[in-house]
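For reference, the chains in residue letters:
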Amino acid sequence: MRRSLIAYALPVVIGVLLAIVLLNTFPQLLRHSTDPDEARQSAARPAPELQQAAPLSRSEGPVSYSEAVEKAAPAVVNIYSSRVVAREEHPMMSDPFFRQFFGEDLPSQQRLLSSLGSGVIVSEDGYVLTNHHVIDGADEIQVALRDGRETLAEVIGTDPESDLAVLRIELDDLPVIQIADSEGVAVGDIAMAIGNPFGVGQTVTMGIISATGRSHLGLSAYEDFIQTDAAINPGNSGGALINAEGALVGINTAIFSRSGGSQGVGFAIPTRLARTILDALVTQGRVIRGWLGIEAQEMTSDLAASFGLQTPRGVVISGVVPDGPADQAGLRPGDVLLEVDGRPILDARAAMSDIAAIQPGATLPLTVVRSGEKLTIDLEVGERPLPSSRRTER
C-alpha cells in the first residue's frame with residue numbers, strides 16, 4: 001500500500017519541484033499583461049518598411065519668377081494689324097436727287113478696321129511667330145517691342161490649318177526667346193502667359209499646365225494643344241506660353257469662355273508643332289501636307305453593325321473629292337477605311353495628322369471594307385490644297 005502511494009506521489013513532487021525551478025528562473029511567466037504596448041514589444045515580427053516621403057521643402061522653390069519673365073518678355077511683341085474695308089453705302093446716296101448735292105465729293109465709302117494681338121521673336125533674323133487669325137487679311141501690320149521700338153512687318157507665310165503665321169521685322173539687336181521641346185511638358189508644370197490682353201500693355205499671368213495633347217476642339221484642322229489655366233484673354237493670341245525657366249513651350253491661341261474673358265481654360269500650340277510650321281513657311285513659303293482627298297465620318301456602333309464589323313473601328317468614307325488621290329485610286333463613298341500603311345485607324349483626326357506628315361507622291365497601302373469584303377488599295381498621296389476661304393477672326 002505504501003509503495004503504491006509513493007509511486008503516485010513521486011511524479012507530483014517532481015512536477016512541483018520543476019515548476020518552482022522554472023518560476024525562479026523565468027519570473028515573467030507569472031505575469032499576464034493586457035498592456036498593448038507590452039504585447040507589441042513581445043511580438044517577434046519585424047516592423048514593416050514604409051516609404052518615407054521627403055520633408056516638404058518651402059525654401060528651395062523660387063519665391064519669384066521675375067528672372068524667367070525678364071528672360072522671355074523682351075522677345076514678346078505687340079502686333080497691330082489693320083485693313084481697309086468698304087463701308088456700306090447709305091440708301092439715300094443711291095438717289096440721284098441727293099447725289100447731285102455732293103457732286104464728286106462723296107463721303108468716303110471705306111473704313112479702317114484694326115485688330116490687336118501678340119507675337120514672339122524666335123530668331124535673330126527677325127522672324128516672329130504669331131497666330132494666323134491675328135493678321136488674317138491685314139493690309140498693314142505693325143510690331144511694337146517692349147523697349148519702345150516699332151516697325152512694319154512683312155508676312156513670310158501663314159498656315160490657317162494650324163492657325164500659325166510667320167512675320168519678319170528688320171531691326172538691330174533683337175531680343176530672342178529660347179525654345180523648349182514641348183514633348184517635355186508635363187501636367188502640373190508652372191506656366192506663364194505673356195501678351196497684350198485688351199491692349200492694356202504687356203502682361204504676365206501664371207498658372208499650370210492643365211493637360212497636353214488636346215484635340216477635337218474645332219479650333220483648327222490640326223490640333224495638339226497644350227491646355228493651361230494661366231489667364232489668356234483677347235489680345236494674348238500669338239503670345240508666349242513659357243515655363244518656369246523662361247523658355248517658350250507654346251504659342252497662345254484660344255480660350256474656352258462663355259463670357260468672352262478668361263475662365264481658366266486656355267490653349268496654346270506646342271513648340272514642336274510651331275517649329276515645324278516655322279521651318280516650312282520660311283523655307284518653302286507654305287506647309288506641304290499629305291492628302292487623300294476624302295471626307296471621313298467617325299465610326300459608331302450602329303454603323304459598325306450595318307457594315308458587318310464586330311467592333312466600331314476605322315472611319316466611314318462619306319465623300320470623295322473628284323479627281324483627288326482617293327478618287328483616282330478607286331475609293332468610293334461608303335467604303336470603310338480600316339488601316340493606313342498597316343496601322344489601324346483608331347481616331348479620324350489622329351489619322352489625318354499622320355497622313356499629313358507623309359510626303360506627297362508616296363505610295364500608301366490602304367485597307368478598306370467594301371460590301372463586307374476586305375480590300376487593299378494602293379494610293380498615291382497628293383498635296384493638301386490650301387483652304388479656299390479665310391478664317392474669321394476670333
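Residues numbered from 1 in each chain as written. Predicted model: local features only at pLDDT ≥ 70, side-chain atom pairs only at ≥ 80, totals over all residues. Heavy atoms only, no water.

Student: Quick question: what am I supposed to make of helix α6 (residues 271–284) here?
Tutor: Working note: α-helix, 3.6 residues per turn, so residues spaced by three or four point in the same direction. Between its terminal C-alpha atoms α6 stretches 19 Å, which fits the 20 Å expected from 14 residues at 1.5 Å a residue. Residues of α6 that are buried in the fold lie against β3 (127–130), β6 (154–159), β7 (164–168), β12 (248–255) and β13 (266–270). Looking one or two residues beyond α6, the residue adopting positive phi is G285, at roughly 80 degrees. (Helix = DSSP H or I, 4+ residues; strand = E, 2+ residues; numbered from the N terminus. Expected span 1.5 Å × (residues − 1). Contact = heavy atoms within 4.5 Å.)

Student: Before we go on, may I ask you to explain the side chain of S237 in this structure?
Tutor: Among the secondary structure elements, S237 is positioned in the loop between β10 (225–228) and β11 (240–242). Excluding its chain neighbours within four sequence positions, the residues that come into contact with S237 are G117, S118, T130, N131, H133, V134, N252 and T253.

Student: Sorry, what's going on with the nonpolar core here?
Tutor: Soluble globular proteins tend to bury their nonpolar side chains together. In terms of nonpolar packing, the biggest core is built from 42 residues, with I79, I121, L129, I169 and I177 touching the most fellow members. Sorting elements by how many residues they give to this core places α6 first, with five residues. Residues within four places of L129 in sequence aside, it is in contact with G119, V120, V122, L164, A165, V166, G238, I251, A274 and L278. Counting residues in hydrophobic clusters, the runner-up holds 17 residues, among them A326, L331, I377 and L379. (Core = buried A, V, L, I, M, F, W, Y, C linked by side-chain atoms within 4.5 Å. Buried < 20%, exposed > 50% of the residue type's maximum accessible area, 1.4 Å probe, protein only.)

Student: Sorry if this is basic, but what is going on with the pattern of salt bridges here?
Tutor: Pairs can form between side chains of opposite charge whenever their charged atoms are close. Counted according to the given criterion, the structure contains eight salt bridges. The salt bridge involving R149 is made with D147; its shortest N-O contact spans 3.0 Å. What makes R149 partly exposed here is its relative accessible area of 26%. The salt bridge involving E161 is made with R289; its shortest N-O contact spans 3.4 Å. With E161 in the loop between β6 and β7 and R289 in the loop between α6 and β14 (290–291), this residue pair connects regions lying 128 residues apart in the sequence. (Salt bridge = Lys/Arg side-chain N within 4 Å of Asp/Glu carboxyl O.)

Student: Would you mind going over unusual backbone geometry with me for this structure?
Tutor: A negative phi angle characterises most non-glycine residues, just as the trans form characterises most peptide bonds. Even without glycine at this site, D163 takes up a positive phi of about 60 degrees. Looking at the secondary structure, you find D163 in the loop between β6 and β7. Of the residues examined, D163 reaches a relative accessible area of 1% and is grouped as buried. Positive phi outside glycine occurs at D323, with the angle close to 65 degrees. Following the sequence through the fold, D323 ends up in the loop between β16 (315–320) and α8 (325–329). Take D323: its relative accessible area is 62%, and that puts it in the exposed class.

Functional significance is not addressed by these values, which are geometric in nature.
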